[in-house]
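What follows is each chain in one-letter form.
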Amino acid sequence: MVIAIDGPAGAGKSTVARAVAAALGFTYLDSGAMYRSVALAAREVGVDADDGVALGPLAAGLEIDFDGRRVLLGGRDVTDAIRRPEVSADASRVSVHPVVREAMVARQRALIEAADYVAEGRDIGTVVSPDAPLKVFLTASDEERARRRAAETGEDIAAVLAAQLQRDARDSEREHGALRPADDAVELDTTGLSLEEVVARVVGLAHERRLAPRSKGDSGDPERTSPQFVSEGSPEPSPSQRPPSEHQ
Ligand code: DC
């Protein structure tokens, strides 16, 4: 079973999904990390991010695993490498290709069938799991999202905003698995809301719908530390717990 949390980059999906998973005793799934892993692997073997023909077999043959917060590609820890800006840009490009999407969606479905997940991405509620019992579409204003990311990374806000708009456009306009809310998704604008408010809202929806792990103790996020809004680019949460207006 899956709770789907979709939305554009910088809306707070990762932090919210992780915190909701911890609160409910579900496992967290970062589907973006899979597309990022494809992008990294393509770079390493010299396959162009626009070469859909070569990317198909490459994506299908990759071994992508999660170990807590770590992402493993063929057993190698790539958690930090997949967050590099050039890999972020390539991830958005490789994820356009239907062959890549088919390979990743199949893996995501296999995971979701086997346990209870809070999965974040762009197409979890529309493609990966259209029957998900709870779908949340998280948004925040463009400026807010760029501001959170820039505060995290120290980058210039205007540069972040420009890159973000480009990624958003590519993610929304592609033919397959485009970024859009499912018809039955609950849309939640996190602009000006604290992390606690957003998490409480989503957990409240899950409780209303009586969503609970199938059997306690076998699928919970092992990390139940107090959550903070952090950017997808930050491997570890920052020590202070600030509202989303200050973080991603
Ligand atoms: O969530 P993220 O920023 O880590 O995702 C990286 C890229 O992967 C993003 O530009 C779009 C793509 N992606 C996707 O196409 N479908 C998903 N379910 C998740 C991510």
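Scroll up for the structure.
Notes on the structure follow. (Residues numbered from 1 in each chain as written. Predicted model: local features only at pLDDT ≥ 70, side-chain atom pairs only at ≥ 80, totals over all residues. Heavy atoms only, no water.)

### Section: the packing of helix H2 (residues 31-45) against helix H3 (residues 52-61)
- Interaxial distance between H2 and H3 falls to 10 Å at its minimum, and their mutual angle equals 115°. In the crossing of H2 with H3, the sense of the turn from one axis to the other is right-handed. Contact residues: Val38, Ala41, Ala42 and Val45 in H2; Leu55, Leu58 and Ala59 in H3.
- Of the residues assigned to the contact of H2 with H3, the class counts are 7 nonpolar, no polar and no charged. (Axes fitted to C-alpha atoms, helices over the stretch in contact; angles between N-to-C directions. Helix = DSSP H or I, 4+ residues; strand = E, 2+ residues; numbered from the N terminus. Left-handed = near helix turned anticlockwise from the far one by under 90°. Contact = heavy atoms within 4.5 Å. Nonpolar A, V, L, I, M, F, W, Y, C, P; charged D, E, K, R; others polar.)

### With respect to empty space enclosed by the protein
- Under the defined criterion, the tally for this structure stands at 1 cavity of 30 Å³ or more.
- In this structure, the largest cavity occupies an estimated 260 Å³ of space.
- Taken together, 22 residues form the lining of the largest cavity, with Gly32, Tyr35, Arg36, Arg122 and Arg167 sitting closest to its centre.
- Those elements that provide at least two residues to the lining of the largest cavity are helix H1 (13-24), H2, helix H4 (85-94), strand E6 (117-121) and helix H8 (157-173).
- Considering each element in turn, the lining of the largest cavity owes the most residues, 5 residues, to H2. (1 Å grid on protein atoms, 1.4 Å probe; cavity = no way out; pocket = protein on both sides within 12 Å on 5 of 7 lines; lining within 4 Å. Points joined across faces, edges and corners; volume = space filled by probe spheres on them.)

### Side note on unusual backbone geometry
- For arginine 210, which is not a glycine, the phi torsion comes out positive at approximately 55°.
- By secondary structure assignment, the location of arginine 210 is in the segment after helix H9 (195-208).
- By relative accessible area, which is 75% here, arginine 210 ends up exposed. (Buried < 20%, exposed > 50% of the residue type's maximum accessible area, 1.4 Å probe, protein only.)

### A short note on H9
- When the terminal C-alpha atoms of H9 are compared, their 20 Å separation across 14 residues agrees well with the 20 Å that a helix rising 1.5 Å per residue should span.
- Looking at the buried side of H9, the elements it contacts are strand E1 (2-6), H1, strand E7 (134-139) and strand E8 (186-189). (Expected span 1.5 Å × (residues − 1).)

### Regarding the site of the ligand
- As a matter of local geometry, the ligand sits amid 16 residues, with Arg36, Arg101, Arg122, Arg167 and Arg174 nearest to it.
- The side chain of serine 31 places a nitrogen or oxygen atom 3.0 Å from a nitrogen atom of the ligand.
- Within the side chain of aspartate 171, a nitrogen or oxygen atom sits 3.2 Å from an oxygen atom of the ligand.
- Notes on the ligand: free accessible area 440 Å², of which the protein chains cover 100%.
- According to the grid-proximity analysis, the pocket containing the ligand is the largest cavity.
- Broken down by element, the residue count for the shell around the ligand peaks at 4 residues, all from H2.
- Here the shell around the ligand is composed, by residue class, of 2 nonpolar, 5 polar and 9 charged.
- The residue makeup of the shell around the ligand includes at least three contributed by each of domain 1 (1-26 + 116-231) and domain 2 (31-115). (Near = heavy atom within 4 Å. Polar contact = N/O pair within 3.5 Å; in protein donor to acceptor, adjacent residues only side chain to side chain. Areas by Shrake-Rupley, 256 points an atom, 1.4 Å probe, with all protein chains shown as cover. Sits in = over half its atoms within 2 Å of the grid points. Domains from an automatic or database assignment.)

### Some points on the sheet that holds E1
- The strand order across the open sheet formed by 5 strands is E2-E6-E1-E7-E8, and the pairing between neighbours is parallel. Edge positions in the sheet fall to strand E2 (27-30) and E8, since each has one partner strand and no second. Each adjacent strand pair in this sheet contributes to an overall mean axis angle of 20°, direction not counted.
- Here E2 pairs with E6 via 4 bridges, running parallel. By the bridge assignment for E6, aspartate 30 is matched with glutamate 120.
- Sitting on the sheet, H1 is in contact with E1, E2, E6 and E7, with an inclination near 175° to E6. (Pairing = 2+ DSSP bridges.)

### Considering the layout of surface pockets
- Approximately 470 Å³ is the volume attributed to the second largest pocket.
- If you go around the second largest pocket, you meet 21 residues; those closest to its centre are Pro85, Ser88, Arg149, Ala163 and Arg167.
- Looking at the lining of the second largest pocket, the elements with two or more residues in it are H4, helix H7 (142-153) and H8.
- At 7 residues, the largest contribution of residues to the lining of the second largest pocket is made by H8.
- Considered class by class, the residues forming the lining of the second largest pocket number 6 nonpolar, 6 polar and 9 charged.
- Split by domain, the residues of the lining of the second largest pocket number at least three in each of domain 1 (1-26 + 116-231) and domain 2 (31-115).

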